[in-house]
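Fold and geometry: a report
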Amino acid sequence: MRHRNRRLATIAAAGIVLAAAVGLGLTAMRSAIVYFYSPSEVMAEHPAFDERVRVGGLVETGSVDEESDGTIRFVVTDGAANVTVRYAGILPDLFREGQGVIVQGRFVEHGLLSAETVLAKHDETYMPPEVAEALREAGVWQGDGEGEAAAGEPGTD
């Protein structure tokens, strides 16, 4: 075999091995992929009951209810649609009505999500104290009354 043909055969073999490795990797990751839905998307196109999903939105005011067995029920809304969530576990400290939340779990019936994980999102205006101080020193950020307290302004602790 000529040198040129040998090089082409080596490149072709490497390409086949690479394609097989990518295919195997994607197949293995298929079970780890979790799709994110808004409540409106859930109501429009309901995911399969055995599919693990994430639903994000706001906890509807007045919807949090603790049942006798310790299970907590609440409603996640995006303003247009609602999804009822059932969760048995300890809620995050930042969880409260009107706050952003992402829940991960499986639907047990249409509109009822049995959550395995509840993630509460903090306020998007929050800034770590160190970052706020560095920005103030650089003269880039002056802060506002609420943001300064959230940023850990000296004297507000």
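Just so it is clear, the model here is predicted, and its values are computed rather than measured.

**Details of the pattern of salt bridges**
- The tally for this structure, following the rule as stated, stands at two salt bridges.
- We note a salt bridge from Glu 67 to Arg 73, for which the minimum N-O separation is 2.4 Å.
- Residue Arg 73 is classed as partly exposed on the basis of its relative accessible area, which comes to 27%.
- The salt bridge involving Arg 106 is made with Glu 116; its shortest N-O contact spans 2.7 Å. Of the two residues, Arg 106 is situated in strand 6 (residues 100-109) and Glu 116 in strand 7 (residues 112-120); the sequence distance between them amounts to 10 residues.
- Classification of Arg 106 by relative accessible area gives partly exposed; the value is 33%.

**Re the environment of Leu 91**
- Secondary-structure assignment places Leu 91 in the loop between strand 5 (82-87) and strand 6.
- Expressed as a C-alpha distance, the spacing of Leu 91 and Leu 119, which sit 28 residues apart in the sequence, is 8.3 Å.
- Setting aside residues up to four positions removed in sequence, Leu 91 forms contacts with Ile 72 and Val 118.

**So, the nonpolar core**
- Formed by 19 residues in total, the largest nonpolar core has its most connected members in Val 55, Phe 74, Val 103, Leu 113 and Val 118.
- Those elements that place two or more of their residues in this core are strand 2 (53-59), strand 4 (72-77), strand 5, strand 6 and strand 7.
- Those residues in contact with Val 55 that sit more than four places away from it in its chain are Phe 36, Tyr 37, Ser 38, Pro 39, Val 42, Val 76, Val 83, Val 101, Ile 102, Val 103, Phe 107 and Leu 113.

**What to know about the packing of aromatic side chains**
- Applying the stated criterion across every chain, the model contains one aromatic pair.
- Between Phe 74 and Phe 95 the ring centres are 4.9 Å apart and the planes differ by 65°, which places this aromatic pair in the edge-to-face class. Of this pair, Phe 74 sits in strand 4 while Phe 95 sits in the loop between strand 5 and strand 6, and the two are 21 residues apart along the sequence.
- Classification of Phe 95 by relative accessible area gives buried; the value is 12%.

Rules used in this analysis
- Residues numbered from 1 in each chain as written.
- Predicted model: local features only at pLDDT ≥ 70, side-chain atom pairs only at ≥ 80, totals over all residues.
- Heavy atoms only, no water.
- Salt bridge = Lys/Arg side-chain N within 4 Å of Asp/Glu carboxyl O.
- Buried < 20%, exposed > 50% of the residue type's maximum accessible area, 1.4 Å probe, protein only.
- Helix = DSSP H or I, 4+ residues; strand = E, 2+ residues; numbered from the N terminus.
- Contact = heavy atoms within 4.5 Å.
- Core = buried A, V, L, I, M, F, W, Y, C linked by side-chain atoms within 4.5 Å.
- Phe/Tyr/Trp six-rings, centres within 6.5 Å; stacked < 30°, edge-to-face > 60°.

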